[in-house]
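Coordinates in review
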Amino acid sequence: MKNLKLAIVGVGNCASSLLQGIEYYKRASADEKSRHLGLMHYDVGGYLPESLQVVAAFDVDKRKVGQTLEKAIFAQPNCTTRIVDEISATGVTVQMGHILDGVSPHMADYPEHRSFRVSDEKPVDVVKVLKDSGAEVLICYLPVGSEEAVQFYAQACLDAKVAMVNCMPVFIASKKEWADKFKAAGVPIVGDDIKSQLGATIVHRVLTKTFSDRGIKLERTYQLNTGGNTDFLNMLNHSRLKSKKISKTAAVQSQLPVPLDPDNVHIGPSDYVPFQNDNKVCFLRMEGTGFAGVPLHLEMRLSVEDSPNSAGVAIDAIRCAKLALDRKVSGPLYSISSYTMKHPPIQVADAEAHQNVENFIAGKLEA
Ligand SMILES: NC(=O)c1ccc[n+]([C@@H]2O[C@H](COP(=O)([O-])OP(=O)(O)OC[C@H]3O[C@@H](n4cnc5c(N)ncnc54)[C@H](O)[C@@H]3O)[C@@H](O)[C@H]2O)c1
C-alpha cells in the first residue's frame, strides 16, 4: 500500500465523515473489503482509503483550534452520524487558519452548539505548515460563500506546491485564470463543489438526461433541499449563495440539449431545519411532456446523511490528485473533476465521466 499525505482546511462535518470513514476501512476485514463496502473504487493506482494520512489541519473555531484532530472532528457544532467510536491518534493538532470571509455574521445569532464561534488565536503561516508537514494534497471544506478564504488557500497550495481538491462552490478548477495558475505552477487541481455519491445532484442529472434520451421534453423542474447542519445554517445568508446556485443549476442544465429558461428551473438549498442535523432531504419535481404532448409529472423525495455521502467521492478525488502528482501532471484534472464535482471545468454525462476516470487511473488519459 502506498502512502498519501493530506492537509485539511475546514474540520467540519465532511472532514469528520472522511476521517471516520478512513478509520472504518482501516479496521474492515479482508472479506469485508473484498465485497467493496460502498466505495466507487477501493484501489486507485495502489492507493487505498487507508493510505490517506492527515499531516496538517486548519480551522478557525475555538472548539477545534488547538485540539488534536481526533477530538476536533467530534467537537461542536459538528453533528454528523458516528461511523466509529473514535479514530486512531493522528499526531496532528488543528491550527488556526485565516478567517477572511469564512464565517458569516449571522452565525452569531444562533446557539453556540449549532453555529461557528471564532477562536482568538493568531493565524499560522499556512504555506510554511504545508511545506513542513510534507502535505501532498489539500482538501478544501470551507463554508459556501468563502470566496476570499478559498482563494487564499488556493494560493497557499500554489506556493507550497500542494495539489488541491476543492469541494466547495468557489470556482478555482473551473475558472481559467486559476486553472492556468495551477498549470503554470506544476500543481494539479480537482474541483469545484463535490457531487455526493448518491445525492440530489446526481439523481436530478440522471433523470434529466433520461427525460431527454427518451424523448420527454422537460418543461419545468425544482429541487428543494433542507438540512440541519452548519452548511445549511450558513446558507441562510443568501448573499453567500450565488456560486452555489450557479453550480447546482449548471450541473442539471448541462444534461439538457437546450437549457431551460431560468424561470422554469429552481435548484438550491431551501431551508435550515435544526432537528434534521446532518440529514439532508431533497424534494424534486419534474414536469414534462411526452408522446403527442401528453403531460407527465415526477415527484421524488431523497433522504441521505449528507457528509458521509460525499466522503467516498472525496477519497477518489484525493487519490487521483496524488496519481497526477506522481505522473507530473498539472492543472485541472478533467476526468475526475467531471466525475466527482458539480462544477468541473468540463461537464460531460456521468457515464462518460466514469469511463474517463477509469482511463485516467489506468494511465490511458493524461488528465
Ligand atoms: N455532501 C456534502 O456534505 C457536500 C456536498 C457538496 C459540497 N459540500 C461543501 O463542502 C463544504 C464543507 O461542508 P461541511 O458540511 O463540512 O461544512 P461545515 O460547516 O461542517 O464545516 C466548515 C468548517 O470550516 C471552518 N472554517 C470556516 N472558515 C474557515 C477559515 N477561514 N479557515 C479554516 N476553516 C474555516 C468551520 O469552523 C467549520 O469547521 C461546504 O462548502 C459544503 O457546501 C458538501
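For the structure given in this document, a descriptive report is provided here. (Residues numbered from 1 in each chain as written. Predicted model: local features only at pLDDT ≥ 70, side-chain atom pairs only at ≥ 80, totals over all residues. Heavy atoms only, no water.)

**So, the site of the ligand**
Filter applied, for reference: Here a residue is near a molecule or strand as soon as one of its heavy atoms is found within 4 Å of it. For this analysis, a polar contact is any N or O atom pair within 3.5 Å, provided that within protein one partner can donate a hydrogen and the other can accept it, and provided that sequence-adjacent residues contribute only side-chain to side-chain pairs. The protein chains shown are the only cover counted for residues, whose accessible areas, like all others here, come from Shrake-Rupley with a 1.4 Å probe. Secondary structure elements follow DSSP: runs of H or I of four or more residues count as helices, runs of E of two or more count as strands, with numbering from the N terminus. As a working rule, the residues Ala, Val, Leu, Ile, Met, Phe, Trp, Tyr, Cys and Pro are called nonpolar, Asp, Glu, Lys and Arg charged, and the rest polar, with Gly in that last group.
Around the ligand sit 32 residues in total, of which Cys14, Asp59, His98, Leu142 and Thr230 are the nearest. One of the backbone nitrogen or oxygen atoms of Asn13 is found 2.9 Å away from an oxygen atom of the ligand. About the coverage of the ligand: the protein hides 99% of its 860 Å² of free accessible area. Elements that contribute at least two residues to the shell around the ligand include exactly helix H1 (13-27), strand S2 (52-59) and helix H8 (230-234). When its residues are assigned to classes, the shell around the ligand shows 15 nonpolar, nine polar and eight charged.

**Quick word on the sheet that holds strand S9 (residues 279-289)**
Just so we agree on the cut-off: When DSSP finds at least two bridges between two strands, those strands are taken to pair. Between the N-to-C directions of two axes lies an angle of 0 to 180 degrees, each axis being a line fitted to C-alpha atoms and, for a helix, fitted only over the stretch in contact. When checking whether two residues touch, look at their non-hydrogen atoms; a contact exists if any pair is within 4.5 Å.
The four strands are arranged S8-S7-S9-S10 in an open sheet whose pairing can be described as mixed. If you trace the sheet from one side to the other, it starts and ends with strand S8 (265-272) and strand S10 (295-305), each paired once. Ignoring which end each strand starts from, the neighbouring axes of this sheet average 10 degrees apart. Taken together, the 11 bridges between S9 and S10 define a ladder with antiparallel strand orientation. If you follow Lys280 over to S10, its bridge partner there is Val304. In the packing of helix H9 (residues 242-253) onto the sheet, contacts are made with strand S7 (217-227), S8 and S9, and the angle to S8 comes to roughly 135 degrees.

**Describing empty space enclosed by the protein**
Empty space among the atoms can be located by rolling a probe the size of a water molecule over them. For clarity, the cut-off: With a 1 Å grid spanning the protein atoms alone, the term cavity applies to any set of points in which a 1.4 Å probe fits but cannot get out, the term pocket to an open set with protein on both sides within 12 Å along at least five of seven lines, and the term lining residue to any residue with an atom within 4 Å of a point. Grid points are joined across faces, edges and corners, and a volume is the space filled by probe spheres set on the points.
By the definition in use, this model includes two cavities of 30 Å³ or more. The space that makes up the second largest cavity amounts to roughly 50 Å³. What lines the second largest cavity is Phe232, Met235, Leu236, His238, Pro269, Ser270, Asp271 and Tyr272. Broken down by class, the residue content of the lining of the second largest cavity amounts to five nonpolar, two polar and one charged.

**Thoughts on the layout of surface pockets**
One number sums up the size of the largest pocket: a volume of about 220 Å³. Of the residues forming the lining of the largest pocket, the biggest block, four residues, is contributed by H1.

**Some details on the packing of aromatic side chains**
Describing an aromatic ring pair means giving the distance of the ring centres and the angle of the ring planes. Stated precisely, the cut-off is as follows: Planes of paired rings set the category: under 30 degrees apart is stacked, over 60 is edge-to-face and the rest tilted, where pairs are Phe, Tyr or Trp rings (Trp by its six-membered ring) whose centres lie within 6.5 Å. Exposure classes here rest on a 1.4 Å probe applied to the protein chains alone. A residue is buried below 20% of its type maximum, exposed above 50%, and partly exposed in between. In this analysis the charged atom, NZ for Lys or CZ for Arg, is taken to sit over a ring once it is within 6 Å of the ring centre and within 35 degrees of the ring normal.
Within the structure shown, the criterion is met by four aromatic pairs. Ring centres of Phe58 and Tyr153 lie 6.3 Å apart, and the angle between their planes is 40 degrees; on these two criteria the pair is classed as tilted. On the criterion of sequence distance, the pair formed by Phe58 in strand S2 and Tyr153 in helix H5 (residues 147-160) is long-range, its members being 95 residues apart. For the pair formed by Phe58 and Tyr153, the shared burial category is buried. Geometrically, the ring pair formed by Phe152 and Tyr153 is edge-to-face, given 5.1 Å between the ring centres and 85 degrees between the ring planes. On the accessibility criterion, Tyr153 (2% relative accessible area) is buried. Linked through ring pairs, Phe58, Phe152 and Tyr153 together constitute an aromatic cluster. Positioned above the aromatic ring of Phe74, the side-chain terminus of Arg82 is 3.6 Å from the ring centre. Between the NZ or CZ atom of Arg327 and the centre of the ring of Phe360, over which it lies, the distance is 5.0 Å.

**Details of the pattern of salt bridges**
Test applied: Basic side-chain nitrogens of Lys or Arg form a salt bridge, by our definition, when they fall within 4 Å of a carboxyl oxygen of Asp or Glu.
For the structure shown, the criterion picks out 20 salt bridges. The salt bridge partner of Lys322 is Glu136, with a shortest N-O separation of 3.2 Å. Of this pair, Lys322 sits in helix H10 (residues 308-326) while Glu136 sits in the loop between helix H4 (126-133) and strand S4 (137-140), and the two are 186 residues apart along the sequence. Judged by its relative accessible area of 7%, Lys322 falls in the buried class. Asp350 is the salt-bridge partner of Arg205, the closest N and O atoms lying 2.7 Å from each other. Residue Arg205 is located in helix H7 (residues 200-213), and its partner Asp350 is located in helix H12 (residues 350-361); the two are separated by 145 residues in the primary sequence.

Take it as geometry only, folks, not as evidence of what the structure does.
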